[in-house]
Each structure stands twice: as structure tokens, then as C-alpha cells.
Amino acid sequence: MIFIYTYCLSCMELKELLPEENSIIVNLHNWNGEGCISKEAYNLAKLMNIKLLTIEDFYGYINEIRSKR
């Protein structure tokens, strides 16, 4: 799991991170809500088999894990 803090995670920034397959990247910057991850970055992440989460999506992800206990 990789935590970043950027206004909008772009496709280029995602490439520069060089995340491993099955990584989860969480953008902690939430001022611009859903806009904190570009559509192009989501498309690239799908090809790279990586999950991108906004902070709101991250909370849902954690709650889902906790409910499986």
C-alpha cells in the first residue's frame, strides 16, 4: 500500500511511482474530491493491475476489511 499526497494523481505521476502489480495507491489529498485522481491514471492503473483509491474510497476499503472479521 502506497500513500501519496498530491492535488491530482496524473498518469505521468503514476508511471514515475513504478508500483508493483497488485499495489494499492491512496491519495490522501481530498480537497478536490473525486478529482484527486485523473481518469487517465485510473485507465493506466487498470492496465497495470493496480488499485487507486481516494481517501473516501480508502475508508470504504478499510471498513469492508473490518466487516469480514
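The notes below deal with the structure included here. (Residues numbered from 1 in each chain as written. Predicted model: local features only at pLDDT ≥ 70, side-chain atom pairs only at ≥ 80, totals over all residues. Heavy atoms only, no water.)

### Description of the overall build of the protein
For the protein, the count of helices and strands is 3 helices and 3 strands. Its helices and strands taken in sequence order, the protein reads β-α-β-α-β-α from the N to the C terminus. On the principal axes, the C-alpha backbone points of the protein span a range of 35 × 30 × 15 Å. Taken across its 69 residues, the protein has 35% of its residues classed as buried. Long-range pairs, those at least 24 residues apart, make up 60% of the contacts in the protein with a sequence separation of at least 6. Within the structure as shown, the protein displays about 4,900 Å² of accessible surface, and the carbon and sulfur contribution to it stands at 54%. (Helix = DSSP H or I, 4+ residues; strand = E, 2+ residues; numbered from the N terminus. Buried < 20%, exposed > 50% of the residue type's maximum accessible area, 1.4 Å probe, protein only. Contact = heavy atoms within 4.5 Å. Areas by Shrake-Rupley, 256 points an atom, 1.4 Å probe, with all protein chains shown as cover.)

### Here we look at the packing of aromatic side chains
One pass over the structure, following the stated rule, counts 3 aromatic pairs. For the ring pair Y7 and W31, a centre distance of 6.0 Å and an interplane angle of 40° mean the geometry is tilted. Of this pair, Y7 sits in the loop between β1 (2–4) and α1 (11–17) while W31 sits in the loop between β2 (24–27) and α2 (39–48), and the two are 24 residues apart along the sequence. The class of Y7 is partly exposed, set by a relative accessible area of 47%. Given the relative accessible area of 70%, W31 is considered exposed. Each residue in the set F3, F58 and Y59 is aromatic and connected to the rest through ring pairs, giving one cluster. (Phe/Tyr/Trp six-rings, centres within 6.5 Å; stacked < 30°, edge-to-face > 60°.)

### Some points on the pattern of salt bridges
Tallied over the full model, the rule gives 1 salt bridge. Residue K68 pairs with E64 through a salt bridge whose shortest N-O separation is 3.7 Å. Exposure remark for E64: the relative accessible area of 44% places this residue in the partly exposed category. (Salt bridge = Lys/Arg side-chain N within 4 Å of Asp/Glu carboxyl O.)

### Considering the side chain of N32
With respect to the helices, strands and loops of the structure, N32 is situated in the loop between β2 and α2. A distance of 2.9 Å separates a polar atom in the side chain of N32 from the backbone oxygen of Y7. Contacts of N32, omitting those with residues within four sequence positions, involve Y7 and C8. (Polar contact = N/O pair within 3.5 Å; in protein donor to acceptor, adjacent residues only side chain to side chain.)

### Thoughts on the pairing of β2
On any regular strand, side chains alternate: one points to one face of the sheet, the next to the other face. With burial as the criterion, each face of β2 is covered, one bearing I24 and V26 and the other bearing I25 and N27. Both β1 and β2 contribute to a ladder of 3 bridges, which runs parallel. In the sheet register, I4 faces β2, and the bridge partner there is N27. What joins β1 to β2 is α1, and the crossover it makes is right-handed. Strand direction decides the pairing type here: β2 and strand β3 (residues 51–54), joined by 4 bridges, are parallel. (Pairing = 2+ DSSP bridges. Right-handed = clockwise from strand over helix to strand, strands pointing away.)

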